[in-house]
Amino acid sequence: MERELERAKNGDPEAFSDIVRSHQHRVYNLALKMLRDPDEAKDATQDIFIKIHSSLKNFRHSSRLPTWVYRVATNHLLDQLRRAKRERTRRINQPWKEVAHIRNDPRAEDPAVVVNQEEVRQIVREAVDELPDLYRTVIVLHYQQGLSYQEIAEILGVSARTVGTRIHRAKARLRSWLDPIWRGGKIDGGK
Amino acid sequence: MEGNKHCDRLRPHLDAFLNDELKAEIREQIAEHLDVCEDCRKQCEEMRFLDNVLFSALSMESSPPGLTEEILRRSDLIRENPPERDMVRRDLLPGMLGSGMVSVLTLLLGVILWSGFLELSGMLDPLEDAIVPWFLQPVAGFWEVSPLVWESMGAKMSLDALGPWIQWVASLTPIGGVGFAIICMLVTVPFWWRTVKAT
Ligand SMILES: [Zn+2]
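Per an unreviewed UniProt entry, chain B is named Anti-sigma-W factor RsiW, and its organism is Marinithermofilum abyssi.

Thoughts on the overall build of chain B
Counting its secondary structure elements, chain B contains nine helices and zero strands. In chain B, the succession of helices and strands from N to C terminus is α-α-α-α-α-α-α-α-α. By residue count, 32% of the 199 residues in chain B fall in the buried class. Within chain B, contacts between residues at least 6 apart in sequence are counted, and of these 67% link residues at least 24 apart. Roughly 13400 Å² of accessible area belongs to chain B as shown, and the carbon and sulfur atoms make up 66% of that amount.

Focus on the overall build of chain A
Each helix and strand counted, chain A has ten helices and zero strands in total. Order of helices (α) and strands (β) in chain A, N terminus to C terminus: α-α-α-α-α-α-α-α-α-α. Put simply, chain A has 191 residues, and 50% of those count as buried. Pairs at least 24 apart in sequence give 70% of the contacts found in chain A among residues at least 6 apart.

Focus: the interface of chain A and chain B
With 49 residues of chain A at the interface, the matching set in chain B holds 36 residues. Taken over both partners, the interface formed by chain A and chain B buries close to 4100 Å², and the fraction arising from carbon and sulfur atoms is 64%. Our count for the contact surface shared by chain A and chain B stands at four salt bridges. Between A:D47 and B:R74 there is a salt bridge, and its shortest N-O distance comes to 3.1 Å.

Quick notes on the coordination of the zinc ion
Protein coordination at the zinc ion comes from B:C7 (SG), B:H33 (NE2), B:C37 (SG) and B:C40 (SG), with a distance range of 2.1 to 2.3 Å. One way to put it: the four donor atoms around the zinc ion meet at angles of 100 to 113 degrees, and that makes the site tetrahedral.

So, the UniProt feature "domain: Putative zinc-finger" (unreviewed entry) in chain B
UniProt feature "domain: Putative zinc-finger" (unreviewed entry): in the numbering of this structure it lies at residues 7–41 of chain B. Helix makes up 74% of residues 7–41 of chain B and strand makes up 0%, while its end C-alpha atoms are separated by 10 Å.

Here we look at helix α3 (residues 24–36) of chain B
An α-helical turn contains 3.6 residues, so a residue and the one three or four places further along point in the same direction. All names here are of chain B. With 13 residues, α3 extends 19 Å between its outermost C-alpha atoms, agreeing within 8% with the 18 Å of an ideal straight helix rising 1.5 Å per residue. Listed as buried for α3 are I26, I30, H33 and L34. Down the axis of α3, the smallest arc covering the buried residues is 100 degrees, so these residues share one side. Seen from the buried face of α3, the exposed residues on the opposite side, beyond 90 degrees, are E25, E28, E32, D35 and V36.

A look at helix α7 (residues 118–129) of chain A
All names here are of chain A. Here α7 contains twelve residues, and its C-alpha end-to-end distance of 16 Å stays within 8% of the 16 Å for a straight helix at 1.5 Å per residue. In terms of residue burial, α7 counts as a mostly covered element, since nine of its twelve residues are buried. Within α7, the full set of buried residues consists of V120, R121, I123, V124, R125, E126, A127, V128 and D129.

Some details on unusual backbone geometry
Within the chain, A:R36 stands out as a residue other than glycine whose phi angle is a positive 60 degrees. You can see A:R36 is positioned in the loop between α2 (13–35) and α3 (38–55). Even without glycine at this site, B:D20 takes up a positive phi of about 60 degrees. With relative accessibility at 54%, the residue B:D20 sits in the exposed group.

Considerations on a negative patch on the surface
Residues and elements named next belong to chain B. A grouping of E25, E28, E32 and D35 is seen on the molecular surface, where their side chains present a negatively charged patch. Secondary-structure assignment places D35 in helix α3. D35 sits in the exposed class, given a relative accessible area of 63%.

Considering the pattern of salt bridges
For the coordinates displayed, the defined rule picks out 16 salt bridges over all chains. With a closest N to O distance of 3.9 Å, B:D15 and A:K171 form a salt bridge. Residue B:D15 is found in helix α2 (residues 14–18), and its partner A:K171 is found in helix α10 (residues 160–189); the two belong to separate chains. Each of the two residues, B:D15 as well as A:K171, counts as buried. Between B:R27 and B:D20 there is a salt bridge, with its nearest N and O atoms 3.7 Å apart. Through salt bridges with shared partners, a single network forms among A:K85, A:D133 and A:R136.

Calculation notes
Residues numbered from 1 in each chain as written. Chains lettered and ligands numbered in written order. Predicted model: local features only at pLDDT ≥ 70, side-chain atom pairs only at ≥ 80, totals over all residues. Heavy atoms only, no water. Helix = DSSP H or I, 4+ residues; strand = E, 2+ residues; numbered from the N terminus. Buried < 20%, exposed > 50% of the residue type's maximum accessible area, 1.4 Å probe, protein only. Contact = heavy atoms within 4.5 Å. Areas by Shrake-Rupley, 256 points an atom, 1.4 Å probe, with all protein chains shown as cover. Buried area = accessible area lost by both parts, 1.4 Å probe. Salt bridge = Lys/Arg side-chain N within 4 Å of Asp/Glu carboxyl O. Donors = N, O, S within 2.8 Å, 3.2 Å for Na, K, Ca; no water. Tetrahedral: all angles 85-135°; square planar, octahedral: opposite > 155°, others 65-115°. UniProt positions renumbered as here; feature names shortened; annotations may be inferred. Expected span 1.5 Å × (residues − 1). Arc of directions from axis to C-beta. Patch = residues over 30% accessible without salt bridge, like charges linked within 9 Å, V, L, I, M, F, W, Y side chains within 5 Å. Lys, Arg positive; Asp, Glu negative; His and termini not counted. Charge placed at Lys NZ, Arg CZ, Asp CG, Glu CD.

Structure follows, in C-alpha cells:
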C-alpha cells in the first residue's frame, strides 16, 4: 500500500489506477447519497479522482490514504452542494411523506423482518435525502461507509464528540419525521 | 424521581452507546441505567431499530460500468497535457509582498538606528576604518544618518540625560528590530515555499 502510494506520487499511472480501482466504489456511493442523483454522482466521482490525481504529490503521511481520499471527496461534495444551493432554491415539499403507507408501526413486528422490507428502507432513504447536508454527511459516512466516529472526525476535521452530536441530532430529526408515519400507519391499518 | 435527571443526561449518548463508541465509564453508567429505566430502554429499542434500518437502507450500490476507465482516461489526458500554471500563486502574492516589505523596512530601520546610535556615542569612530573596507570608504557615509540630524532631533540630549544604563538598553533596541525582521522573514518563507511547490 505504502509503496503503491509512493509510486503514484511519482506519477506512475499503474499505481494511480490501483488507487482508483480500490476507492471508486466507495466514493461513488458517497457521492450518490450526498448529491441524490446518479449522473451528478458519476461526474462528481470523476472530478474527485482528478483532484486526487493532481494533489497526490501534496499528500502527506499524517493521515491514511483512505482518510485523505474521503476528505477530498467530502470537501468536494459539500462544496458542490453549497454552490448548487446558491443557484437553485431548495425543494420545499417532502415527497417521502406521500410515500408513507406502511400498514403498521413496523417496530411492533419482528424487527429483523421489518428492516428488510423494501418499503421501510425506501422511506428511510428518502428521509435521509431530506437531512441537512452536514447531518447527511455523517449519517452516510457512518451507516453506508461503515466508518467509526473517530474516522469520520479525522475526515471532517472535527472532534469525535462533534461527530457523535451530529449523528445524534440527525437521528433525532429522522425519528421526528418517521415516528408520525409509523404511528399514523398503525391507526390507518386498523390492526 | 431519580430516573429523570439521569435520563436527560444519558439520552444524548444512547446512539453512541448502541454504536459502541463510548468510553467505558459512561458506557457502564448507561448499561446500569437501562437496567432500571423502562423509558430509556424503550428509547434504546427504537434507536436500535432505526440503526438497523439505516444500515440496511444505506447499503452500497454497484458503481456505473466504465467509471474507472473514464477516470483513468481523463487523468492520462491531464498527464499528457498538464495545465499551465502561473509562476507565482496570485492568491499568496499580497501576503508575500506585505511581509517581505515589512522585513526590509524593519531591517533598514534597525541599521539606521544602530548606526546613528554608534555615531552619537562615538563608539564607531575608531572602528570605522577597520570595519569598512577601502573600496567602500567613498560610499560609507551614504547609509549613515548624519550626527547633526540626530542631534537636531534631540536624540543626543535625551541619551545623555538618560544616563549610561539607558544608553546601553537603547543600543539593544535595534537588535530587537533586527530580530523582528528575522521573524517577518520566517513568516515569509513558508509563503515562498508553497509557491515554489505549487509551480
Ligand atoms: Zn431513563
